[in-house]
Amino acid sequence: MGSKSKAVVLLSGGLDSTTTLAIALSEGFELYALSFQYGQRHRVELEAAQRIAKDFNVAEHCIVEFNLRALGGSALTADLPVPKGRTFDEMSREIPVTYVPARNTIFLSFALAWSEVLGANDIFIGVNALDYSGYPDCRPEYIEAFTRMAELATKAGVEGRQKLVIHTPLIQLSKAEIIRKGFSLGVDFSKTVSCYDPSEEGVACGLCDACLLRQKGFAENGIEDPIRYRERVRVAL
């Protein structure tokens, strides 16, 4: 038997990225998890990523540190309030202040660099174009454009040694569908962190966009979300 193909998987510690990691594993890849300490307002998600990477027995878990707080521009990297209690209609109207400028471009650039070092042709990222709060770097056309750029950007690419594929297995799934997929692959969602504004102990706020979308996804599956909330919301279906 030949060796497994390597895949770089972006792992934040959240629901989507953990499900994406499980999908990459189910497809037979050797997993190289990539996480970031970029100056975000909390560390609990990164701590979750470390636990999840260990649970999945990844070949390597790389944590890259840099400081987007120096630039600001987001409620996740500056002293700006995180929106709470918005309706799903309000979430769809405009790009929210929790958008971090160019974050997925930065993340994918690191993934591209590591994939070239590893000799890997595959990158997995858990972007979603349905329940994505309008983030521009979660759209299919963005991923397609980055892939075209990547073919021109690396030595391995221009020499024909790397044919990069960016896998986005969640991109057309609702949050409820992502949760069902995760359950089918044995994901323990109690270990994931989605909240934009958790307590220092990792308790989710329950009211930010990420918490509301997550709770909606579990409610649509008729399942109680296993994580702790400061305020658990009854989502109207």
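Scroll up to find the structure this text is about.
Residue positions are given per chain, counted from 1 along the sequence in the order it is written. Whole-chain, interface and lining totals are the exception, using all residues; otherwise, since this is a predicted model, local features are given only for residues with pLDDT of at least 70 and side-chain atom pairs are given and counted only at 80 or more. Hydrogens and waters are ignored; side-chain quantities use all the structure's heavy atoms.

A. Spatial organisation of the side chain of D16. Secondary-structure assignment places D16 in helix α1 (residues 15-26). Pairing of N or O atoms within 3.5 Å defines a polar contact, subject to two protein rules: one partner must be a possible hydrogen donor and the other a possible acceptor, and residues neighboring in sequence count only if both atoms are side-chain atoms. A polar atom in the side chain of D16 sits 3.0 Å from the side chain of K175. Any two residues having at least one pair of non-hydrogen atoms within 4.5 Å are treated as being in contact. Those residues in contact with D16, other than ones at most four positions away along the chain, are G126, L170, K175 and I178. Numbered from the N terminus, helices here are DSSP runs of H or I no shorter than four residues, and strands are runs of E no shorter than two.

B. Spotlight on the sheet that holds strand β4 (residues 122-124). With parallel pairing, five strands are arranged side by side in an open sheet as β3-β2-β1-β4-β5. The sheet is open, and its two edges are formed by β3 (60-65) and β5 (165-167), each paired on a single side. Strand-to-strand, the axes of this sheet are offset by a mean angle of 25°, without reference to chain direction. Note on definitions: angles span 0 to 180 degrees between N-to-C directions of axes, and those axes are lines fitted to C-alpha atoms, for helices only across the stretch in contact. Running over the sheet, helix α4 (residues 103-118) touches β1 (6-10), β2 (30-37), β3, β4 and β5 and is turned about 140° from β2. Two strands pair if DSSP finds at least two bridges between them.

C. Spatial organisation of the pattern of salt bridges. Here a salt bridge means any side-chain nitrogen of Lys or Arg lying within 4 Å of a carboxyl oxygen belonging to Asp or Glu. Scanning the entire structure with this criterion turns up twelve salt bridges. Here K175 makes a salt bridge to D16, at a shortest N to O gap of 3.0 Å. Taken together, the residues span a long stretch of sequence, with K175 in helix α7 (residues 175-184) and D16 in helix α1 at a distance of 159 residues. Taking relative accessible area as the criterion, K175 reaches 9% and is therefore assigned buried. For every residue, the accessible area obtained with a 1.4 Å probe (protein chains only) is divided by the maximum for its type, and the residue is called buried under 20%, exposed over 50%, and partly exposed between those limits. Owing to a relative accessible area of 17%, D16 belongs among the buried residues under this scheme.

D. Summary view of α7. Of all the residues in α7, the buried ones are K175, A176, I178, I179 and G182. One side of α7 holds all its buried residues, which, seen down the axis, span an arc of 160°. Those residues of α7 hidden inside the fold are in contact with α1 and α8 (209-220). Taken from the residues just after α7, G186 is the one with a positive phi, measuring 85°. This arc is taken over the directions from the axis of the helix to the C-beta atoms.

E. Fine view of the packing of α7 against α8. Where α7 contacts α8, the two axes come as close as 8 Å, and the packing angle between them is 65°. Relative to α8, α7 is oriented roughly perpendicular. Relative to α8, α7 is oriented so that their crossing is right-handed. Residue-level inspection shows K175, A176, I179 and F183 of α7 in contact with α8, the latter providing L213, R214, G217, F218 and E220. Just so you know the grouping, Ala, Val, Leu, Ile, Met, Phe, Trp, Tyr, Cys and Pro go in nonpolar, Asp, Glu, Lys and Arg go in charged, and all remaining residues, Gly too, go in polar. A per-class count over the contact of α7 with α8 returns five nonpolar, one polar and three charged. Angle categories: roughly parallel below 35 degrees, roughly antiparallel above 145, roughly perpendicular from 65 to 115, and oblique for all the rest. Each crossing gets its handedness from the near helix: less than a right angle anticlockwise from the far helix is left-handed, clockwise is right-handed.

F. Region of interest: the environment of H61. Here H61 shows up in strand β3. Sequence spacing of H61 and V9 is 52 residues, and the spatial spacing of their C-alpha atoms is 9.5 Å. Leave out the neighbours within four places in its chain, and H61 touches L11, A33, L34, S35, A49, Q50 and A53. In this structure the side chain of H61 is engaged in a polar contact, spanning 2.7 Å, whose partner is the side chain of S35.

G. Representation of the packing of aromatic side chains in the model. Pairs were defined over the aromatic rings of Phe, Tyr and Trp, the Trp ring being its six-membered one, requiring ring centres within 6.5 Å. Orientation was assigned from the angle between planes: stacked under 30 degrees, edge-to-face over 60, tilted for the rest. Taken as a whole and judged by the stated rule, the model has 13 aromatic pairs. Between the aromatic rings of F36 and F66, the centroid separation amounts to 5.9 Å while the plane-to-plane angle is 70°, which identifies the pairing as edge-to-face. Of this pair, F36 sits in strand β2 while F66 sits in the loop between β3 and α3 (88-93), and the two are 30 residues apart along the sequence. Residue classification places F36 among the buried residues on the basis of a relative accessible area of 6%. Ring centres of F36 and F110 lie 5.6 Å apart, and the angle between their planes is 50°; on these two criteria the pair is classed as tilted.

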